[in-house]
Amino acid sequence: MTTVLIAKDSGAKSVGADAVAAAFEAAGLDVIRTGSRGLYWLEPMAEIDGVVYGPLTPEDASGVLESGAKRIGPLADIPEFAMQNRMLFKRVGAMDPTDVEAYRASGGEAGLNAALAISPDDVIQAIADSGLRGRGGAGFPTGIKWRTVADTPDQQKYIVCNADEGDSGTFADRMLMEGDPYLLLEGLAIAGYAVGASKGFIYLRSEYPDAAETLANAIANAPFLDADLAGGFRFSIELRMGAGAYICGEETALLESLEGKRGLSRAKPPLPAHAGAFGQPTVVNNVLTLAAAPIILAEGAEAHQAMGTGRSRGTMPFQLAGNIKQGGLVEAPFGITLRQLVEDFGGGTRSGRPVRAVQVGGPLGAYFPESLLDTPMDYEAFAAAGGMLGHGGVVVFDDTVDLAAQARFAFAFCAHESCGKCTPCRIGAQRGVETVDKITSGENVDANFTVLDDLLEVMRDGSLCALGGLTPTPVESALKWFKQDFDKGASQ
Amino acid sequence: MTILKEIDYGTPAPKTEETVTLMIDGQEVAAPKGASIMHAAMLAGTEIPKLCATDRLDAWGSCRLCLVEVDGRKGTPSSCTTPVEAGMSVSTDTERLRRLRRGVMELYISDHPLDCLTCAANNDCELQDMAAATGLRDVRYGYEGANHLDAEKDPSNPYFSFDPAKCIVCNRCVRACAEVQGTFALTTLGRGFDSTISAGGPDMDFLGSECVSCGACVDACPTATLIEKPVEAEGLPDRSVVTTCAYCGVGCSFKAELKGDQVLRMTPLKAGGANEGHSCVKGRFAWGYINHPDRITSPMIRDQITDPWREVSWDEAFQFTADRIKSIQAEHGRDAVGSVTSSRCTNEETYLVQKLTRAVFGTNNVDTCARVCHAPTGYGLKTAFGTSAGTQDFKSVADADVILVIGANPTDAHPVFASRMKRRLREGAQLIVADPRKTDIVRSAHVEAAHHLPLRPGSNVALINALAHVIVTEGLVDDAFVAERCDMDSFTHWADFVAEDGNSPEAAEAHTGVSAADVRKAARLYATGGNGAIYYGLGVTEHSQGSTMVMGMANLAMATGNLGRRGVGVNPLRGQNNVQGACDMGSFPHEFPGYRHVSDDAARTLYENLWGVELGNEPGLRIPNMLDGAVSGKFKALYIQGEDIAQSDPNTSHVVAGLKAMECLIVQDLFLNETAHFAHVFLPGSTFLEKDGTFTNAERRINRVRKAVPPVGGLADWEITQGLAQALGYPMNYSHPSEIMAEISQTTPTFAGVTYETLESEGSIQWPCNDAQPQGTPIMHEDGFVRGKGLFMITEFFATSERSTRKFPLLLTTGRILSQYNVSVQTARTPNVAWHDEDVLEVHPHDAEQRGLKDGDLVSLASRAGETTLTARLSERMQPGVVYTTFHHAAGQANVVTTDNSDWATNCPEYKVTAVEVRKTNQESAWQRSYAVMSAENRRIAEPAE
């Protein structure tokens, strides 16, 4: 019987993958539901013996394969896939994510076994040597974070996986959790072993019900959890659901929420590494950071260190979204340029109009003009250009975009998502919306630009956490590169 | 004439002796390790702008006014959340910081009413101060943007209002409710700009919420959002007087804040040793009785208790009284007269009443309300340790690891101490509660007892012996402590006794109803869980074996080495503000001040020489004996200062019979209380705000009481006693209570170092205070017990004779509630009645169903002593078979039902166990009806003659 791989990924499902899968099953094919390959413009997509068909409709179940009408070709020959360097995502789309035996057969647990064979200290050293940096956005060296927790004496420590993926235009965490959950669990266990934590939490956003189901299944079936591992190490994982607040992706607000409290940012110090979940030393890492650990341990720190550029090592799963022809996930080593992502992988805008701005790093990332598209995807290069890589989300806008409206949106987003603890964010974001409105409606424009500049300083330097502190970034980039958009009202 | 403002360091002082040195604005500053930069700066006199920070709460870091720059660090961290580090160099006032602070203030004010001039907090508002400090001159956002100015005010709480339009969402109120009070009634709703403070949830007001009106939020609020209603109505106070609360035995220090002679608010004093800035609804708010129209302002006399009262001059009242006493003593002998001192009055006043009794009346017939509460504590602890008082200061609970609460309901009766306890429990200390009822401390927000031992009323001693049995038979005794500190013979004897099978938890179960397994676990936890601290209340003492139980707890603490250091001890939660002091001052018929027996020749000679009279060496009568004597015609006159025995003492009908039989009953009180119905002389007393003196709280802390306003009757209570003494021909001429204290310290070894000067400089002193302990004694028995070796006493359990029968199958136990104080002479005359305006009978649904009772039914509560009618409230806080009521309101007449059973050693009444029956009724009891008629008749005051 022919075996067909069809994604159960929620992105694929949103365009009808379930109905397609049902039709293929009804047609007598052996359907395996997998994660998505991340070629979203081809979803719903089917993969048979390495050959890709898509986008499919249920009607395609009969006859389409023979007809070749929707045949794209061998996966390995699709340039947008072939150009990638799939490390983290190598299993995603290739196997049934609920099948732990398939996971093991494809190299799963090799990283954990390698870790358990060496000392926790050596595990941390391997992570440090690999150059791995936090994939959640801040890019903090993971080895140093783990070392800090390991060196903080306490009976109880925790690993907390930040799976509250809330940045607009990002979905890599979700794809990985839906497509290769055991890899993440293995990463948590390695972190637990390295720092001396017996318990991990995955804090998952409530908007990811499919990921929740997949993770819950994996947690229940992972042979390495709640089991005596080498040296008497035991590790357990608990899945906790968020309640729909962007701010709970900020690590300290996440910890508050995890503890059952309102999701308010905490002041640092203390760092979570010293006093995190329930006041105990805690590693808080993003999904992709933890998922990298098994690969680093299995394949060696050098292999990871060998990829990338400057101080940004390894690969990064970039996510292409917005006004883009070929949206989806691109895992590539750091150093690839923004233009390569937008043009070579993304194929330009979906509207076919020229690219005017690209926002990288979520709603608090900078809007880059066309002239910055050759910036390499590298933490330091982006910072130097006034932006940030963040979680690797790339949102493309064509020449119809109004950047004053986007600046207003940045404030409105902050106002909506602010936890309300600190004054600059709680009141400042609201006043930002109002001030942009005054400017764009031509009211005391010069004076209000001054007010806006002062507000941006208060928010950037005065806010308690990164939400208020980074909201100025998109606004300032809009003012810097697209100031003419703000002058429309004045000229009317 | 100014308001005392205590320094706010912004964040709490760390508990460390270690200091680090840093530079703040170029000045070298030494600060405690772990202190915030803000705290360190304040120590050096630099006040960094702040709004969300206050030193009673943990740092929060939300207002962003306190930003500073630190050399070598990025950004502008908040100084409240950033700890000092050695060598750090901090700038608190740069151009950049000024710009940021002004920007933050501009945001605040863009959503704040511009009504400073008409605002209740004008001139007492931190927001206003910060606007000034940051130099805000212009709000360039305008005032047309989104705002909260139309938010509706919540005036539901009787004492303070909540105006969310003025709120800056600093969360100080929410945090105070959580961190200081531990009730967690307040929260923030919504997020971002929509964040609003709420008492519990949308559409809930303060009065309907779980708020206990402790005032911590009002105190914490930096604006007029939460503000006392009298301040709203009258404006800001212009002077303050530091004094001590006159409600419970916690003894909180307050600032009475006044405008002229009008008290506007009472705010808790951070420097107060007992409360450290916290308060409860009674002390903080329920002081309005001082101005209540029921206050009696003129002395009154009458020939017969059926006559109306006649207002007279002080001289006439004193002369009338003196003549009656003299003629009674001439006819019936000196011992036909006696006194009751007041645990509500000052040490000095209590001392004077016992002096009047012993030296002027010439009898030792003096007793006090401790007779009905903690007399067994005095007896039991003196026997075991040598001192009639608790062993710890309140602060000690912060070092406890296992807290054993027995027969006490601290969240209702000692709320400010309960908040300390709950804080420690939230930090992880374990809790064991032995109580027939599931009191709030058993399970409330972030507090849950590891073990609740719901024993049957009357079985305390069986329980304590069972706990001891486990400790002794499972090898959990602290042998080293016992060997070094205790009397070994008594220990061996006791250990053999408790090890008997009859004292095992399994055997005790038949009496206590508590599972033996739970008792065993609780005993192990207390013995092995680290510092074990016992706190107990009237649920221990008010039993026929009250004194036995106190000794049983002392035994347990000694056996486990839980004495003589911080975090441990045996601690009575004493009821009245000055019940400790009243006992210390010689209020018992057998003891001079300082617990020296009247047969102690040295002590007696001392007083005989000082007072110039001969003193009796035989103990006088206790209150119940005086009442018995009155009924049998031997006892004729009683001077009662500030106690309402007709309502508070058990078996009311017997009390009333005794009072009615007196030929001269002198009542000195604020109001015509229940006892005054039977009085011939009424002397209008003064409130704590109307006089000088001292109170001694449950931790032996002597606190100053300071006169804030003149006494409404013209005389302070000590002056009244003195007037009576003079009318009886005795020279008593103190010009100020400090002179009385001088006499006390001169004659009482444990008070030798106590003077008003020291109290002024130290704030308070915990006795013993003498040459050996010139600074006082926070923790007793540190180097050895006062009596030498700790004495173990045999505590055999004898079941009370008061047991359930076919006729009276239920057991009644009584207690108190947060908002009312004892017989509520004061609190019933305040808006506290909003929370509790009648005593109800709590009945378990099982018992109710058997009797066909519904919630809200009128029920008759009857015992062999009497019968009263109450409203039933179904509640599962008690076990089936046990009913519960409070005794706050005169209409409830709860003590008609209680019996004259009492503690074998001290006569402390067995309030906590009465066999009763409950049945549905449709009317008040015959007693209540006839009492009401009598009450109306006997409280008439004649119109003044033209």
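Look a little higher up for the structure.
Keep in mind the model is a prediction, meaning the values are calculated, not measured.

Peer 1: I'm lost on the overall build of chain A in this one. Help?
Peer 2: Helices and strands together make up the secondary structure of chain A, namely 23 helices and 16 strands. A globule of 492 residues ought to have a C-alpha radius of gyration of about 23 Å, and chain A, at 23 Å, matches this closely. Counting across all 492 residues of chain A, residues that qualify as buried make up 59%. Here the contacts in chain A between residues at least 6 apart in sequence split such that 72% fall between residues at least 24 apart.

Peer 1: Is there a simple way to think about the interface of chain A and chain B in this case?
Peer 2: Reports often express the size of an interface as the amount of accessible area lost when the parts come together. Facing 29 residues of chain A, the contacting portion of chain B comprises 29 residues. Of all the secondary-structure elements, those providing two or more residues to the side of chain A that touches chain B are helix H17 (403-417), helix H18 (423-426), helix H19 (428-440) and helix H20 (445-462) of chain A. Class assignment for the residues of the side of chain A that touches chain B results in 12 nonpolar, eight polar and nine charged.

Peer 1: Just checking my understanding: could you explain the packing of helix H7 (residues 120-130) of chain A against helix H13 (residues 287-299) of chain A for this structure?
Peer 2: The angle between the axes and the distance between the axes are what describe a pair of packed helices. All names here are of chain A. Across the interface, H7 lies against H13 with an axial gap of 10 Å and an inter-helix angle of 100°. In terms of orientation, H7 and H13 fall into the roughly perpendicular class. In contact with Val123, Ala126, Ile127 and Ser130 of H7, H13 contributes Ala293, Ile296 and Leu297. Looking at side-chain class alone, the contact of H7 with H13 contains six nonpolar, one polar and no charged residues.

Peer 1: Sorry, what's going on with the pairing of strand E9 (residues 282-286) of chain A here?
Peer 2: Consecutive side chains of a regular strand alternate in pointing toward one face of the sheet and then the other. Residue and element names in this part refer to chain A. The buried fraction of E9 is high, at five of five residues. Residues Thr282, Val284 and Asn286 point to one face of E9 and Val283 and Asn285 to the other, with burial holding for every one of them. Pairing of strand E6 (residues 158-163) with E9 involves five bridges; the strand directions are parallel. By the bridge assignment, Asn162 is partnered in E9 with Asn286.

Peer 1: I keep staring at the environment of Thr750 of chain B and nothing clicks. Help me out?
Peer 2: Residue and element names in this part refer to chain B. Structurally, Thr750 can be placed in the loop between helix H26 (737-747) and helix H27 (756-762). On the basis of neighbour counts, which here come to 21 C-beta atoms within 10 Å, the residue Thr750 falls in the buried class. Residues Thr750 and Phe193, 557 residues apart in the sequence, show an inter-C-alpha distance of 59 Å. If we skip the residues at most four places from it in the chain, Thr750 touches Gly594, Trp767, Pro768 and Asn770.

Peer 1: Looking at this model, I keep getting lost on the sheet that holds strand E30 (residues 764-766) of chain B. Mind explaining?
Peer 2: Adjacent strands of a sheet pair through backbone hydrogen bonds, lying either parallel or antiparallel. All names here are of chain B. The strand order E28-E29-E30 describes an open sheet built from three strands, whose pairing is antiparallel. The sheet terminates laterally at strand E28 (693-696) and E30, the two strands that pair on one side only. Taking the axes of each pair of neighbouring strands and ignoring which way they run, one obtains an average angle of 30° across the sheet. In this sheet, strand E29 (residues 701-705) lies alongside E28 in antiparallel orientation, the contact comprising four bridges. Its bridge partner being in E29, Thr696 is matched across the sheet by Ile702.

Peer 1: When you look at the environment of Pro113 of chain B in this model, what are you seeing that I'm missing?
Peer 2: Residues and elements named next belong to chain B. Looking at where Pro113 falls in the secondary structure, it is placed in the loop between helix H2 (95-109) and helix H3 (126-134). For Pro113, a count of 16 C-beta atoms within 10 Å puts it in the partly exposed group. In this structure the C-alpha to C-alpha distance between Pro113 and Glu210, which are 97 residues apart in sequence, comes to 29 Å. Among all residues touching Pro113, those that are not within four sequence positions of it are Leu149, Ala165 and Lys166.

Definitions and limits used
- Residues numbered from 1 in each chain as written.
- Chains lettered and ligands numbered in written order.
- Predicted model: local features only at pLDDT ≥ 70, side-chain atom pairs only at ≥ 80, totals over all residues.
- Helix = DSSP H or I, 4+ residues; strand = E, 2+ residues; numbered from the N terminus.
- Rg over C-alpha atoms; globule rule 2.2 N^0.38 Å.
- Buried ≥ 20, exposed ≤ 12 C-beta atoms within 10 Å, placed from the backbone.
- Contact = placed C-beta atoms within 7 Å.
- Nonpolar A, V, L, I, M, F, W, Y, C, P; charged D, E, K, R; others polar.
- Axes fitted to C-alpha atoms, helices over the stretch in contact; angles between N-to-C directions.
- Parallel < 35°, antiparallel > 145°, perpendicular 65-115°, else oblique.
- Pairing = 2+ DSSP bridges.

That is the geometry; function is a separate question.
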